[in-house]
Structure formats: C-alpha cells, structure tokens
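# Inside the fold
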Number of protein chains: 2
Amino acid sequence: MNPHPKIQPLTKEAFAPFGDVIEASGDADFMINDGAAGRYHALCKVDADFKGGTPAISIFRAKRPAWPVRLTLLERHPLGSQAFMPLSNHEWLAVVADPVDKPTIDNIHIFRATGSQGVQYARGTWHHPLVIVEPSQDFLVVDRCVFGDGDTNNLEECALPNGGLALELG
Amino acid sequence: MNPHPKIQPLTKEAFAPFGDVIEASGDADFMINDGAAGRYHALCKVDADFKGGTPAISIFRAKRPAWPVRLTLLERHPLGSQAFMPLSNHEWLAVVADPVDKPTIDNIHIFRATGSQGVQYARGTWHHPLVIVEPSQDFLVVDRCVFGDGDTNNLEECALPNGGLALELG
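Every value quoted in this text rests on a predicted model; they were computed, and no experiment measured them.

Another aspect to go through is the overall build of chain A. Along the backbone of chain A there are 1 helix and 15 strands. A compact globule built from 170 residues would reach a C-alpha radius of gyration of about 15 Å, and chain A, at 17 Å, matches this within 12%. On the principal axes, the C-alpha backbone points of chain A span a range of 55 × 40 × 30 Å. For chain A, the residues scored as buried account for 52% of the 170 residues in total.

Pasting the structure below:
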C-alpha cells in the first residue's frame, strides 16, 4: 500500500479517541471450556440507545473504490456504536475525524488495519465508509438496528470541503 | 471431514429452532454508501437481559480437540444470546441440543458450518463449546458481558449421560 502522510498503523492507543480496536493480541484474558479456547474478553462494549433500537449483527460486503480514492463524505451515528470486523485477512483503512461539527481534511485520521484487526467506532464518531484494498471484502458489523417504529434518526452526514482528500493506494 | 450420521449441513431452516445463521448469501438486502457496499441487514438481533449486563464483543481462539472428539458437556446462557463468527475460512461444527432440562445424546444436533457461516445461539439454547477442525481458529463473539456488579448467573451446564458422544472427524 502506497503510503500517504496521514496513514498510520492502527493501535489501541492511537485509536482510543475514536473507539476500540478489536483484535486478539498477546495472551488471552482467560481460558474457557476446560482450556479448549482462550477468551479475549469484552474488547468493546456495544453502546446503543436501546430505547427504540436493538443491537444486531449484519454483514457488509464492501467493494474497492476506484483509485485514487477520494474521501468526500463522513457520517456519524448519534444513537450507537458501530463495530466492523474483517472476515478475510486483508488490510483495510479506517478513516475517522475529530469530534467537531464540521470536519475538514485537517481533522481526518487514517488508520491502516491488518486483516485481523477490527474497530468499533464510538457513538457519534465521524467516520468514512470502509476503504478496502482487495476487490471485495466482507465485514461483520454490530450496530444499533431498528425494528418496527423505533427512532431511526441515527445518521448524520458531512461533506468534506474543497472536494475532500484523494488517496493513492494502488 | 468424516461424516457422522448426526452431522448435517448448517442452513437457516434447520438451525432455526436453536438460533440464527450469520452469513451473506445471495444478494444483499440493500446497498449503502452510494453503492460501495451491500448490507446483509440484521441477520440476528443481539438478545440480552440488559439489566446488569451489556452486549460486548470478544474473540475466542479455539484449539482443536484430540480425535476422536468426545462431546460430554453442554452449556446454556439464560440471560442472553451468544454469536460466533469464524475469522478464518475453515469448516467447524456447531453442536446444540433440544430445549429439555437434561439432554441426552438423542437430543443432540450437529451442524457442519462453512468458514463463512457463523451462528447465534438463542438465549437458553444448549450448546457444546466450539468444535473446530483446523489446529486453531479465531471467532468473533457477541454476548452479554458483566461489568461491575451485574448478575453473573448466566451459565448452566449439563453432562451428557453414558460418557457422551464420540465423533471421528480426522
């Protein structure tokens, strides 16, 4: 992946202002099932306004954008966290922004995740849709979903000014 | 995998009495992000007694048991669902039992999952710990976790009579 000055490795520490990193690193927190499995426990809590919504599990099948990728539109979900875990072992990019009302390119942070790293965006964190490097990649997603007549007002969008940010990744 | 008469393919229909199958099959339910991704939406709801517990995301690193596998102990979680999604593309077995107080071998159902199929055990469903075929396999897990002084009484176990059930899978 061609480096861009804004791209940094995904670590728990660097990502902390934006949410959690989901990965099994080091030793498991404890063993379960008579030692048959290690549990990396509660890597993130699912955070949601449960009134009118319920956490649910979905799969996103992402397609690689044309190169150069142009980051133009951010979104955030005021009513819940949103977790993404890759289901195939390929690098991908998690793009987030500082918690300001109108982010600009200067507020953007880009994290290069390995294929065994997921993230959970904290409730209300600005983020760009998944940017993948392979032609297609599936992600398990855990977020607040609405069934019936719950509050669906869980999406805010913000266009980046000046045409956004172009990334050359090919 | 050497067939056992109790092993059947994992399908949504056959697994329905025990929970949900998590997989992206066929076309996505709808497109998101200007067509950049397909969403297989809300494949299962996370079900939990939220009083005293919170859904959280963990990773289990399962180890392959010695062959033959002997299924001896089942467990169930009365306070919440438990979802497992493989993070590498290898077959595995989901073992469940009918909703009786003291399951016997006759109550056991064994489902062969592909490496792109996960399951969510419904709240209270008897199940065996993950049975994997590769030496090691990671699973993303979504279940009710307790932080602080919540109700931890979320595990019941049942030993299968007569030494359980032996599976030759090698």
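On inspection of all chains with the given rule, the structure shows 14 aromatic pairs over all chains. Ring geometry for B:Phe15 against B:Phe111: centres 5.3 Å apart, planes inclined by 85 degrees, an arrangement best described as edge-to-face. You can see B:Phe15 sitting in helix α1 (residues 12–15) and its partner B:Phe111 sitting in strand β10 (residues 108–113), a full 96 residues away along the chain. The same class applies to B:Phe15 and to B:Phe111, which are both buried. With a centroid separation of 6.2 Å and an interplanar angle of 45 degrees, the aromatic rings of B:Phe15 and B:Tyr121 are classed as tilted. One end of the pair, B:Phe15, is in helix α1; the other, B:Tyr121, is in strand β11 (residues 118–121), and 106 residues separate them in sequence. Taken individually, B:Phe15 and B:Tyr121 each receive the classification buried, so the pair is uniform in this respect. Site record: aromatic cluster; members linked through ring pairs are A:Phe15, A:Phe18, A:Phe60, A:Phe84, A:Phe111 and A:Tyr121. The ring centre of B:Phe147 lies 4.2 Å from the NZ or CZ of A:Lys45, which sits over that ring.

In many reports, interface size means the accessible area that the parts give up when they come together. At the interface, 43 residues of chain A touch 43 residues of chain B. Both faces considered, chain A and chain B share a buried interface measuring about 3,500 Å² in area, 64% of it formed by carbon and sulfur atoms. On the chain A side of the contact with chain B, A:Ile57, A:Ile59 and A:Arg61 bury the most area, a combined 18% of that side's loss. Counting the contacts that link chain A with chain B gives 2 salt bridges. A salt bridge links A:Asp143 to B:Arg39; its shortest N-O distance comes to 2.8 Å. Take the side of chain A that touches chain B: its biggest share by element is 10 residues, from strand β5 (residues 54–63) of chain A.

So, on to the relation of the copies chain A and chain B. The two copies are related by a screw operation: chain A maps onto chain B through 180 degrees of rotation and 0.0 Å of translation along the axis, at an RMSD of 0.0 Å. In the structure described here, the two chain copies are related by an operation that fits a two-fold rotation axis. Of the C-alpha atoms belonging to chain A, the one lying closest to the rotation axis is found on A:Leu87, 2.6 Å away.

Residues and elements named next belong to chain A. Read across the sheet, 4 strands follow the order β1-β10-β9-β12 without closing on themselves; strand pairing throughout is mixed. The open sheet has two edge strands, β1 (7–9) and β12 (131–132), and neither has a second partner. The pairing of strand β9 (residues 92–97) with β12 spans 2 bridges and is classified as antiparallel. Across the sheet, the residue bridging to Leu-93 is Val-131, located in β12.

The subject of this paragraph is empty space enclosed by the protein. The method is simple in principle: a probe with the dimensions of a water molecule rolls over the atoms, and the space it marks as empty is what remains. This structure, assessed with the given rule, holds 1 cavity of 30 Å³ or more. There is about 30 Å³ of room inside the largest cavity. A:Phe60, A:Ala62, A:Lys63, A:Pro129, A:Leu130, B:Asn33, B:Ala36 and B:Ala37 are the residues that line the largest cavity. Looking at which element gives the most residues to the lining of the largest cavity, the answer is β5(A), with 3 residues. Grouping the amino acids of the lining of the largest cavity by side-chain chemistry returns 6 nonpolar, 1 polar and 1 charged.

Residues and elements named next belong to chain A. Take Ser-81: it is sitting in the loop between β7 (73–76) and β8 (82–86). Looking at Ser-81, the relative accessible area reads 3%, which means it is buried. Setting aside chain neighbours within four positions, we find Ser-81 in contact with Lys-45, Val-46, Asp-47, Gln-120, Tyr-121, Ala-122, Arg-123, Val-142, Asp-143 and Arg-144.

Moving on, we come to unusual backbone geometry. Residue and element names in this part refer to chain B. If you check the backbone angles, Asn-33 has positive phi at about 55 degrees while not being a glycine. By the secondary structure assignment, Asn-33 is in the loop between β3 (30–32) and β4 (37–45). With a relative accessible area of 25%, Asn-33 lands in the partly exposed category. The phi torsion at Asp-34 lies on the positive side, around 55 degrees, for a residue other than glycine.

The rules behind the values
Residues numbered from 1 in each chain as written. Chains lettered and ligands numbered in written order. Predicted model: local features only at pLDDT ≥ 70, side-chain atom pairs only at ≥ 80, totals over all residues. Heavy atoms only, no water. Helix = DSSP H or I, 4+ residues; strand = E, 2+ residues; numbered from the N terminus. Rg over C-alpha atoms; globule rule 2.2 N^0.38 Å. Buried < 20%, exposed > 50% of the residue type's maximum accessible area, 1.4 Å probe, protein only. Phe/Tyr/Trp six-rings, centres within 6.5 Å; stacked < 30°, edge-to-face > 60°. Lys NZ or Arg CZ within 6 Å of the ring centre and 35° of its normal. Contact = heavy atoms within 4.5 Å. Buried area = accessible area lost by both parts, 1.4 Å probe. Salt bridge = Lys/Arg side-chain N within 4 Å of Asp/Glu carboxyl O. Least-squares fit on C-alpha atoms with pLDDT ≥ 70 in both. Pairing = 2+ DSSP bridges. 1 Å grid on protein atoms, 1.4 Å probe; cavity = no way out; pocket = protein on both sides within 12 Å on 5 of 7 lines; lining within 4 Å. Points joined across faces, edges and corners; volume = space filled by probe spheres on them. Nonpolar A, V, L, I, M, F, W, Y, C, P; charged D, E, K, R; others polar.

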